[in-house]
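# Chain and residue survey
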Amino acid sequence: MSKMTLKTEGDTHVVVTRRFAAPPESVYRAHIDPELIQKWLLGPEGWTMPVCINEAKPGGKFRYEWSNGKGQGFFITGEYLELEPYNRTVHVERMFLPDPTPDNHVETRFEPDGTGTLMTMRMTLPDARTRAAMLATGMEGGMEASYVRLEGLLQPAVA
Amino acid sequence: MHSHLSLDAAFSALADPTRRAILARLATGESTVNELAEPFEMSQPAISQHLKVLEDAGLVTHRVEGTKRPRRLAKPGIEAMDQWLAMLRKALEANYDRLDAVLAGMEKPKRKGGTKR
């Protein structure tokens, strides 16, 4: 299948790209319709999303809660800043582990790519330290972030 | 035995651009502190301090050669980090593989004139 790429950019960004066989309309809907989100945004085997609230409008809020069925879980909350059906969404989110992480600003683009879609998700963290912490601790559910290839992390900071 | 590797310390160590640059440099081979300090407008003690953070995080190691202590990448540290990152990557990929299945089961959207940009 199509390959995902994930890399760091500058000191504060993480960029994920992925191609899908479906058109942008479908991929966009799958990102904002709670019934659809609950089917795929689950991370590792065994995790489910019992709560998925998503008000897909500018200023709208969302809340996703994950559980591994063994008493462990966490949640994220966020707000939509912009929604351009079926091209682009911009939102901020933070994870509760259980303390809130600093806001992650996420722009997701859905571009036609032949008969399919190229999705580009660009995350912006407040600073390099936060990004490192997110990469290091976040993602038990494998959510919005993040794997970074070593060469991405090791980009020289000076020429 | 390897010292205890802390992924948290490893990622924190990577939060600093100078330390990432040092690692990038060490990826091309062993270097002394002098050689490492050269491309940076930084004192040797400052570089040594960065090296200490990297060593504590298990990412860099050194050997003793007379008065020199050449530094190199510590394989176990880099590998542990790589493995852990591969796990995260797998979780994210699992999401998108599931999304492929969800998309395959969705009705094709009706194309209308005017929705194209």
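Everything quoted here is computed from the prediction, not taken from an experiment.

Rules of the game
- Residues numbered from 1 in each chain as written.
- Chains lettered and ligands numbered in written order.
- Predicted model: local features only at pLDDT ≥ 70, side-chain atom pairs only at ≥ 80, totals over all residues.
- Helix = DSSP H or I, 4+ residues; strand = E, 2+ residues; numbered from the N terminus.
- Buried ≥ 20, exposed ≤ 12 C-beta atoms within 10 Å, placed from the backbone.
- Contact = placed C-beta atoms within 7 Å.
- Core = buried A, V, L, I, M, F, W, Y, C linked by C-beta atoms within 7 Å.
- Axes fitted to C-alpha atoms, helices over the stretch in contact; angles between N-to-C directions.
- Parallel < 35°, antiparallel > 145°, perpendicular 65-115°, else oblique.
- Expected span 1.5 Å × (residues − 1).
- pLDDT = per-residue confidence, 0-100.
- Pairing = 2+ DSSP bridges.

### Quick notes on the overall build of chain A
What chain A contains, in helices and strands, is four helices and eight strands. Going through the 159 residues of chain A one by one, you find that 37% of them count as buried. Expressed as a percentage of contacts within chain A between residues at least 6 apart in sequence, the contacts between residues at least 24 apart total 38%.

### A few points about the overall build of chain B
Helix and strand counts for chain B stand at five helices and two strands. What you see in chain B, going N to C, is helices and strands ordered as α-α-α-α-β-β-α. Counting every position in chain B, which comprises 117 residues, the buried fraction comes to 30%. Across chain B, every contact between residues at least 6 apart in sequence was considered, and the portion connecting residues at least 24 apart equals 56%.

### Concerning the nonpolar core
Core analysis: the biggest nonpolar cluster contains 31 residues, and Phe20(A), Val27(A), Ala30(A), Leu99(B) and Leu103(B) have the highest contact counts within it. Sorting the residues of this core by element identifies β2 (13-20), α1 (24-32), α2 (34-40), β4 (61-67), β7 (104-113) and β8 (116-124) of chain A together with α5 (75-105) of chain B as the ones contributing at least two each. Top contributing element to this core by residue count: α5(B), with six residues. For Leu99(B), the residues in contact, after removing those within four places along its chain, are Phe20(A), Ala30(A) and Trp40(A).

### Overview of the packing of helix α2 (residues 17-26) of chain B against helix α4 (residues 44-56) of chain B
All names here are of chain B. Running from N to C, α2 and α4 point in directions that differ by 75 degrees, and their axes come no closer than 10 Å. Between α2 and α4, the angle falls in the class roughly perpendicular. Contacts between α2 and α4 pair Thr18, Arg19, Ile22 and Leu23 from the former with His50, Leu51, Val53 and Leu54 from the latter.

### Quick notes on α4(B)
Taking 1.5 Å of rise per residue, the 13 residues of α4(B) would be expected to cover 18 Å, and the 18 Å separating its terminal C-alpha atoms lies within 8% of that figure. Once α4(B) finishes, Gly58(B) follows within two positions and takes phi at roughly 80 degrees, a positive value.

### Quick notes on the confidence of the model for chain A
Residue and element names in this part refer to chain A. Per-residue confidence for chain A gives a mean pLDDT of 80, with 80% of residues at or over 70. Per-element mean pLDDT across chain A ranges from 32 in helix α4 (residues 150-153) up to 96 in β7. Predicted confidence is poor over residues 137-159, with pLDDT under 50, and the contacts of this stretch with residues over four places away or in other chains come to 71 contacts.

### Points about the sheet that holds β7(A)
Residues and elements named next belong to chain A. Ordered by their spatial adjacency, eight strands build an open sheet running β1-β2-β8-β7-β6-β5-β4-β3, and the pairing between neighbours is antiparallel. Looking at strand neighbours, the two that pair on one side only are β1 (5-9) and β3 (48-54), the edges of this open sheet. The mean angle between the axes of side-by-side strands here comes to 20 degrees, regardless of whether they run parallel or antiparallel.

### As for unusual backbone geometry
Looking along the chain, the bond that leaves Pro85(A) and enters Tyr86(A) is cis, with omega of -5 degrees. Looking at the element boundaries, Tyr86(A) is found in the loop between β5 (73-84) and β6 (88-96).

### Describing the pairing of β1(A)
The alternating pattern of β1(A) places Leu6(A) and Thr8(A) on a buried face and Thr5(A), Lys7(A) and Glu9(A) on a face that is not buried. Counting the residues that bridge the hairpin from β1(A) to β2(A) gives three residues, and of these Gly10(A) lies at a positive phi of roughly 55 degrees.

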